[in-house]
Amino acid sequence: MEPVNVAIIYYSSTGTVHALAQAVAEGAEKAGARVRLRRVAETAPPEAVDSNPAWARHLQDAAEIAEAGLDDLDWADATLFGSPTRFGNPSSQLRAFIDTTSPLWQEGRLADKVYSAFTASGTAHGGQESTILALANTFYHWGGIIVPPGYTDPVQFQTGNPYGTSHVAGEGPPGEVVLRAAHHQGRRVVEVAAALKAGRAA
């Protein structure tokens, strides 16, 4: 059977969600998937980016990562979306990308695929769960199969978020436990998508 195709599409302003996306990608690759790591386009005005040195620096550091396109979603058997929280919702940059997906949705090309999400917020109660649930609203409309990490690995009892990997950016960069949780989420998505692919092939 062909390997599972996994797209990891994310937005990161200062690098926290980028670090989670890389860990998710590593988990998916180690589970045998072909992976595309893609960032969405930055839509904030330059003066806003330049007002925050960490934001401007990360934008430069991530320049070599290809921008997400509709072909990545079409290619993927499973897609994981990553976004910082913005008032309990995904970032406008990620939403802008999602809002371009109507042509694929209208053709049914986003249905029956696996979807999952991860996030980061500035504070412990800064909207992590609501951001992931808000992304799930889109997956419902697509007819997607939502695969959360749940409590399917001991690391989940340390991170405490069964909805999707999350991190409190105000406490610094993601540490070993959070990165292991992201790794597990990538692996779990691949395992479920592989089972679906095998079942359909049979």
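The structure reproduced in this document is the subject of the present report. (Residues numbered from 1 in each chain as written. Predicted model: local features only at pLDDT ≥ 70, side-chain atom pairs only at ≥ 80, totals over all residues. Heavy atoms only, no water.)

Some remarks on the overall build of the chain
- Summing up its helical and strand segments, the chain has nine helices and six strands in all.
- Taking contacts inside the chain between residues at least 6 apart in sequence as the whole, the part at least 24 apart equals 79%.
- As displayed, the chain offers around 9300 Å² of accessible surface, 53% of which is attributable to carbon and sulfur atoms.
- The centroid of the 15 positive side-chain charges in the chain is displaced by 5 Å from the centroid of its 21 negative side-chain charges. (Helix = DSSP H or I, 4+ residues; strand = E, 2+ residues; numbered from the N terminus. Contact = heavy atoms within 4.5 Å. Areas by Shrake-Rupley, 256 points an atom, 1.4 Å probe, with all protein chains shown as cover. Lys, Arg positive; Asp, Glu negative; His and termini not counted. Charge placed at Lys NZ, Arg CZ, Asp CG, Glu CD.)

Overview of the nonpolar core
- In terms of nonpolar packing, the biggest core is built from 26 residues, with V6, I8, Y10, L80 and F118 touching the most fellow members.
- Mapped by element, the contributors of at least two residues to this core are β1 (5-10), α1 (16-30), β3 (78-84), β4 (114-121) and α9 (176-201).
- Ranked by size, the runner-up nonpolar core spans 23 residues in total, among them A44, I98, F139 and W142. (Core = buried A, V, L, I, M, F, W, Y, C linked by side-chain atoms within 4.5 Å. Buried < 20%, exposed > 50% of the residue type's maximum accessible area, 1.4 Å probe, protein only.)

Here's the deal with α9
- For α9, which comprises 26 residues, the first-to-last C-alpha distance of 37 Å matches the rise-based estimate of 38 Å (1.5 Å per residue) to within 8%.
- Three or more residues of α9 are buried, namely V178, A181, A182, H183, H184, Q185, G186, V189, V190, A193 and K197. (Expected span 1.5 Å × (residues − 1).)

Digging into the side chain of Q185
- Its location among the elements puts Q185 in helix α9.
- Q185 sits in the buried class, given a relative accessible area of 1%.
- Looking at Q185, its side chain comes within polar contact range of the main-chain oxygen of A117, at 2.9 Å.
- Once residues lying within four places of it in the same chain are set aside, the contact partners of Q185 are L80, S116, A117, F118, P149, G164 and T165. (Polar contact = N/O pair within 3.5 Å; in protein donor to acceptor, adjacent residues only side chain to side chain.)

Notes on the packing of aromatic side chains
- Going through the model one piece at a time under the given rule, you end up with six aromatic pairs.
- Aromatic pair F81 and W142: ring centres 6.0 Å apart, planes at 50°, arrangement tilted. Of the two residues, F81 sits in strand β3 while W142 sits in helix α7 (residues 128-142), which places them 61 residues apart along the sequence. For the pair shown, F81 and W142 are each scored as buried. (Phe/Tyr/Trp six-rings, centres within 6.5 Å; stacked < 30°, edge-to-face > 60°.)

Some thoughts on the environment of Y151
- Summarising the element assignment, Y151 is placed in the loop between β5 (145-146) and α8 (156-159).
- Discounting residues that sit within four places of it in the chain, Y151 has contacts with Q156, F157, G160 and P162.

Topic: unusual backbone geometry
- The phi torsion at F87 lies on the positive side, around 55°, for a residue other than glycine.
- Examined against the element boundaries, F87 turns out to sit in the loop between β3 and α5 (92-98).
- For F87, a relative accessible area of 88% corresponds to the exposed category.
- The backbone phi angle of D112 is positive, close to 65°, even though this residue is not glycine.

A look at the side chain of D153
- Positionally, D153 belongs in the loop between β5 and α8.
- A distance of 2.9 Å separates the side chain of D153 from the backbone nitrogen of V155, its partner in a polar contact.
- When neighbours within four sequence positions are excluded, D153 is seen to be in contact with H184 and R187.

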